[in-house]
Amino acid sequence: MQKLLIVESPSKAKTIGNYLGKEYQVLASYGHIRNLLPKSKGINTDTFEMNYEISPRNKKHMDAISNAVKKSDEILLATDPDREGEAIAWHIVEVLASKKLVGTKKISRIIFGEITKSAIIEALNNPREVAQPLVHAQQARQALDYLIGFNLSPLLWSKIRYGLSAGRVQSPALRLIVEREKEIEKFDSLEYWSIHLDALKDKAKFTSKLTILNNQKLEQFTITSAEQEKKIVGELLLKSSGKARVSRVEKKQRVRNPTAPFTTSTLQQEAVRKLGFTTRSTMITAQQLYEGISIEEGTVGLITYMRTDSMSLSNEATTQIRNYLESNYTNEYFPQKAIGYKTKAKNAQEAHEAIRPTNIERTPQNIKRFLSDQQFKLYEIIWKRALACQMSPAVFDAVSIDLEVGKGESIFRATGQTLKFAGFMSVYLEDEDDSKNNENNESKLPPLEVGDLLDVDKIIGVQHFTEPPPRFTEASLVKTLEEFGIGRPSTYASIITTLQERDYALLEKKRFVATDVGKVVIEFLTEHFENYVDYDFTANLESQLDDIAADKKNSLTVLQDFWGVFIARIKEKGDLDRTKITQKEIGENCPKCEKPLLSKLGKRGNFIACSGYPDCDFTRSSNGDLPQEPKVIAQDEASKKDILLLIGPYGPYLQLGLPIDGDKLKPKRVTIPPEIVLADLDESTAKQLISLPRDLGIHPETGAKIIANIGRFGPYVNHNGKFKSIPKSENIFEITHEFAVDLLKPLRKIGVNPDTKSSIDIYKSRFGFYMQMDSTKVNLSKDTDLDSISLEKALKILTKKAEEEAKKKPAKKKPAKKKPAKKKPAKKKPVKKKPAED
Ligand SMILES: [Zn+2]
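A brief look at the structure comes next.

Calculation notes
- Residues numbered from 1 in each chain as written.
- Predicted model: local features only at pLDDT ≥ 70, side-chain atom pairs only at ≥ 80, totals over all residues.
- Heavy atoms only, no water.
- Helix = DSSP H or I, 4+ residues; strand = E, 2+ residues; numbered from the N terminus.
- Buried < 20%, exposed > 50% of the residue type's maximum accessible area, 1.4 Å probe, protein only.
- Contact = heavy atoms within 4.5 Å.
- Areas by Shrake-Rupley, 256 points an atom, 1.4 Å probe, with all protein chains shown as cover.
- Donors = N, O, S within 2.8 Å, 3.2 Å for Na, K, Ca; no water.
- Phe/Tyr/Trp six-rings, centres within 6.5 Å; stacked < 30°, edge-to-face > 60°.
- Expected span 1.5 Å × (residues − 1).
- Polar contact = N/O pair within 3.5 Å; in protein donor to acceptor, adjacent residues only side chain to side chain.
- Core = buried A, V, L, I, M, F, W, Y, C linked by side-chain atoms within 4.5 Å.
- Pairing = 2+ DSSP bridges.
- Right-handed = clockwise from strand over helix to strand, strands pointing away.
- Axes fitted to C-alpha atoms, helices over the stretch in contact; angles between N-to-C directions.
- Lys, Arg positive; Asp, Glu negative; His and termini not counted.
- Salt bridge = Lys/Arg side-chain N within 4 Å of Asp/Glu carboxyl O.
- Parallel < 35°, antiparallel > 145°, perpendicular 65-115°, else oblique.
- Left-handed = near helix turned anticlockwise from the far one by under 90°.
- Nonpolar A, V, L, I, M, F, W, Y, C, P; charged D, E, K, R; others polar.

1. Looking at the overall build of the protein
In terms of regular secondary structure, the protein is built from 21 helices and 33 strands. By residue count, 49% of the 838 residues in the protein fall in the buried class. Contacts in the protein between residues far apart in sequence, at least 24 positions, make up 66% of those at least 6 positions apart. Working note: accessible area of the protein is about 43,100 Å², and carbon and sulfur atoms make up 51% of it.

2. Quick look at the coordination of the zinc ion
Coordination of the zinc ion by the protein comes from C590 (SG), C593 (SG), C610 (SG) and C616 (SG), over a distance range of 2.2 to 2.3 Å. Read from N- to C-terminus, the donor residues coordinating the zinc ion fall into the pattern C-x2-C-x16-C-x5-C. Taken together, the residues span a long stretch of sequence, with C590 in the loop between β18 (583-589) and β19 (596-602) and C610 in strand β20 (residues 605-610) at a distance of 20 residues. For C590, a relative accessible area of 1% translates into the label buried.

3. Remarks on the packing of aromatic side chains
Under the criterion given, the structure shown has 17 aromatic pairs. Judged by centre distance (4.9 Å) and plane angle (55°), the rings of Y333 and F421 are tilted. Here the residue Y333 occupies a position in the loop between α10 (315-328) and α11 (364-367), and F421 occupies one in strand β14 (residues 410-421), the gap between them amounting to 88 residues. Ring centres of Y532 and F537 lie 5.3 Å apart, and the angle between their planes is 75°; this geometry places the pair in the edge-to-face category. Y532 sits in the buried class, given a relative accessible area of 9%. Its relative accessible area of 24% is what places F537 among the partly exposed residues.

4. Looking at helix α17 (residues 555-572)
Working note: α-helix, 3.6 residues per turn, so residues spaced by three or four point in the same direction. The end-to-end C-alpha distance of α17, which contains 18 residues, comes to 26 Å, matching closely the 26 Å that a straight helix rising 1.5 Å per residue would cover. For α17, the full list of buried residues reads S555, V558, L559, F562, W563, F566, I567 and I570. The inward-facing, buried residues of α17 contact α5 (132-159) and α16 (535-549). Between the side-chain oxygen at the start of α17 and the backbone nitrogen of L556 there is a gap of 2.7 Å, and the oxygen is on N554.

5. Comments concerning unusual backbone geometry
In this chain, Y613 is followed by P614 through a cis amide linkage whose omega measures 10°. Within the secondary structure, P614 is located in the loop between β20 and β21 (619-621). For the bond running from L692 to P693, omega is 0°, close enough to zero to count as cis. When you line up the elements, P693 lands in the loop between α19 (683-690) and β26 (694-698). Here the phi dihedral of D202 falls at roughly 50°; this positive angle occurs in a residue that is not glycine. Here D202 is to be found in the loop between β7 (191-201) and β8 (204-213). Even without being a glycine, D551 presents a positive backbone phi close to 60°. Mapped onto the elements of the fold, D551 is located in the loop between α16 and α17.

6. Here we look at the nonpolar core
Within the largest apolar cluster, 82 residues are counted, with the highest numbers of intra-cluster contacts made by L152, L156 and I160. Here this core gets twelve residues from one element, more than from any other, and that element is α5. With 72 residues, the next largest nonpolar core counts Y19, I321, Y333 and F376 among its residues.

7. Comments concerning the pairing of strand β1 (residues 2-7)
In the sheet, β1 pairs with strand β5 (residues 72-77) via five bridges, with the strands oriented parallel. Residue pairing across strands places L5 opposite L76, the latter belonging to β5. Two elements, β1 and strand β2 (residues 24-28), share five bridges in a ladder whose sense is parallel. Across the sheet, residue V7 finds its bridge partner in β2, namely A28. In this fold, β1 hands off to helix α1 (residues 10-19), which returns the chain to β2; that crossover is right-handed.

8. Thoughts on the sheet that holds β26
Strand order across the open sheet formed by four strands is β26-β27-β28-β29, with antiparallel pairing between neighbours. Each of the sheet's edge strands pairs with one partner strand only, and the pair in question is β26 and β29 (722-725). Strand-to-strand twist across the sheet, computed as the mean angle between neighbouring axes with direction ignored, equals 25°. Bridging between β26 and strand β27 (residues 705-711) involves three bridges; their strand directions are antiparallel. For I698, the partnering residue across the bridge sits in β27 and is K705.

9. Description of the side chain of E291
For E291, the position within the fold is in helix α9 (residues 279-291). Buried within the structure, E291 lacks any salt-bridge partner; its nearest side chain of opposite charge belongs to K12, at an N-O separation of 6.1 Å. For E291, the side chain forms a polar contact with the side chain of S9, separated by 2.7 Å. Setting aside anything within four residues of it in sequence, one finds E291 in contact with S9, S11, K12, T15 and I115.

10. Regarding the packing of helix α6 (residues 170-185) against helix α13 (residues 474-484)
Running from amino to carboxyl end, α6 crosses α13 at an angle of 120°, the nearest separation of the two axes being 11 Å. Taken together, the axes of α6 and α13 lie oblique to each other. Here α6 and α13 pass one another in a crossing that is right-handed. Contact with α6, carried on its side by A173, L176 and I177, involves L477, T480, L481 and F484 of α13 and no other residues of that element. Considered class by class, the residues forming the contact of α6 with α13 number six nonpolar, one polar and no charged.

11. Side note on the side chain of N58
For N58, the location among the structural elements is in the loop between β4 (52-54) and α2 (59-70). Within the structure, the side chain of N58 is placed 2.9 Å from the backbone oxygen of S29, a separation counted as a polar contact. Here the side chain of N58 touches H32 through a polar contact of 3.3 Å, landing on its backbone oxygen.

12. Notes on the pattern of salt bridges
Applying the stated criterion to the full structure yields 47 salt bridges. Note that K800 is salt-bridged to E804, the shortest N-O span being 3.8 Å. One end of the pair is K800 and the other is E804, both in helix α21 (residues 791-804) and four residues apart, which spans about a single turn. Here the salt bridges do not stand alone but share partners, grouping R248, E250, K252, D402 and R413 into one network.

13. Let's talk about the packing of helix α8 (residues 264-275) against α13
Taken N-terminus to C-terminus, the directions of α8 and α13 make an angle of 165°; their axes are 8 Å apart at the nearest point. Compared by their axis directions, α8 and α13 come out roughly antiparallel. Crossing angle aside, the handedness with which α8 passes α13 is left-handed. Two secondary-structure elements touch here, α8 through S265, Q268, Q269, V272 and R273 and α13 through E474, A475, V478, K479 and E482. When its residues are assigned to classes, the contact of α8 with α13 shows three nonpolar, three polar and four charged.

14. Re α13
The set of residues buried in α13 consists of E474, A475, S476, L477, V478, T480 and L481. At its buried positions, α13 is contacted by α6, α8, α9, α14 (492-501), β16 (505-508) and β17 (511-514). Just downstream of α13 lies G485, where phi reads positive at about 75°.

15. Some points on the sheet that holds strand β6 (residues 106-109)
Here we have four strands laid out as an open sheet, ordered β2-β1-β5-β6, and parallel in their pairing. Strand pairing shows two members of the sheet lacking a second neighbour, β2 and β6, which therefore form its edges. Here the average twist between neighbouring strands, direction ignored, is 20°. Each of β1 and β2 is contacted by α1, which is oriented at about 165° to β2, the strand it contacts most. Sheet strands touched by helix α3 (residues 83-98): β1, β5 and β6. Its angle to β6, the strand with the most contacts, is close to 165°.

What is shown is where atoms sit, not what they do.
See below:
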């Protein structure tokens, strides 16, 4: 007789089948095998008994399992190690029992957090029974979602629009998006100024910022107009008489620790930020890596289970990572003791491991040819993050200095920091959402001492505008949901997908914008069902589900408590007036008949109509989102279009002409850099700005173009993909070809590779110095004497590095742009292209 092992997915079945001998048959259920009965038959709201039917889609798979059970004497339920997996196992046993197929057969549940041979053998040696608390927790979640959806949706149909639905965890998530939208709508951008002093020490120039003016601390809104700024700058110039004195020097070391290995939430956030994935594509790709990929050694699960909120690593995994570090890095790159990470999740039973590679020796480069582009990119960040989490902290040397002018009643502050030791940052660095802090950026100050008298190069004011809170990205939404305790590892991606499928929110430039209908639904729920869009209420319900899973709470009590209050509210709200929900006065009268105008929710969002309808038929569209009346600044000679000045929620910008309906291309827009004072923005500056990028001619050595442009981090020049920031002291429209060539020049030319004629040079980067030959770069440590590196030595190091590149390449922040050579044909899912940065 055979042993039968049951899992939920065919690819997982295939991987496990390859590990186990002929005595095992492995079959897949293809997901959940049973659904709740439709409509009110699904749940008896007196007893909370749940009634299921086999889903038509899974019938043939369940039949195959039933037939195999007849021929087996032992059945092993090996579905995924979480509540969903436990529930699937339970349903399978229930169906088999109802068919009287189990009888005296031995049935057990086995779990493993990674699909590797050793993990499966280990699991086979530790069988257990199906854990009822986990099953109950999954059922209680299903019941809550079903009861809310089934009873609240019809109310939305009769009060707002047919076909709408309300989800238990989607609604609070939508409320986050809608509330953010409201904050942005009512946001007034305010003007403020900062004052900067550029000082010279010998020939080194550095900039500092005014913090104390005439013995008063400078606040954000101390200076709010150009007139004020001009006056203050004038006074400061006069008082300084061209000199500033160093009054304080403070040196500190700053340490930055590595981040914990990935959980579901952090993996989704980083895949969105770094790779441009969606949360959904992240989970699909992670599942493929978890369930098994065919590589040289056979089909293997490459990562541990991808639905987890645990940050811990097994001792074996930690040891493996440390061994890898020991044989590939010098001792300073990893601490003497392993680094432990504490998990916030409270369910010990479900405490899986963090997401990590099943074998750290399988480097991304080594298995690249077996992976799709998406699989490779995701595996690479998982691998790097797991490695980095056991590495030494990065160390920065930070300096803060004060410069006083006049008699010391006004003080400017400059800060600088240099990376002393990159540690884990040489492998992996976590990105941040909408971060304005550049705590890892390098900015160097010359050596200074208290009492030094410096020459003032200039004192200038810089205009700023306050910005509204940014709209949520998929990454920041997942992060916020996790912080609020809404949703769990298994639900973040589905929350986000559902919001878009229901047209409640859409992604514009990768950021969530609530639709009109989404706003009306949230307004309705907030007013009449406040609990069900309340963040604390939802988080509390989630934690009650956790308690059920931990066998600390009875699911019946949780459901009864919820249901009594909820159904009473549904009944109470049955006779609300529909028009009050979908129509709002806008405080303006009809130009035709003088009656009040209303904003009404129509099929394609809100529109404005007369309250006198049907007697008066006045309507107009409600384009409330135009920022303001655009101001014509100049005319573009090439296109003959107007150059318009607009102020958006993110400050002022220029736009070339108005968008024409039906135009696929949005009009060209250019952000006005903060150095340009709006009041001084004249025709010629506007024309220059809209004409960017600027062509600076051909590089004398390579023959390739040099371009100047303004990007997210300010003005830069670009040549052959090499970017160099234009120093703040220079004007992007005035820099010359010679200046750009000079800026692009390496710090030192070491020489030329005699075989390939490729030049070998030393450059400076954010993190220090590096040598480069073609695309191969090698970082130089801080204490390297840059002048003493010989061509032979550089050539040897770089050639070795180039050869080894496939094996162990220290991480760069951005994944390589080159497409991997594809051995396997792409899967059906189209690979989403990462859109260009805007
Ligand atoms: Zn009217």
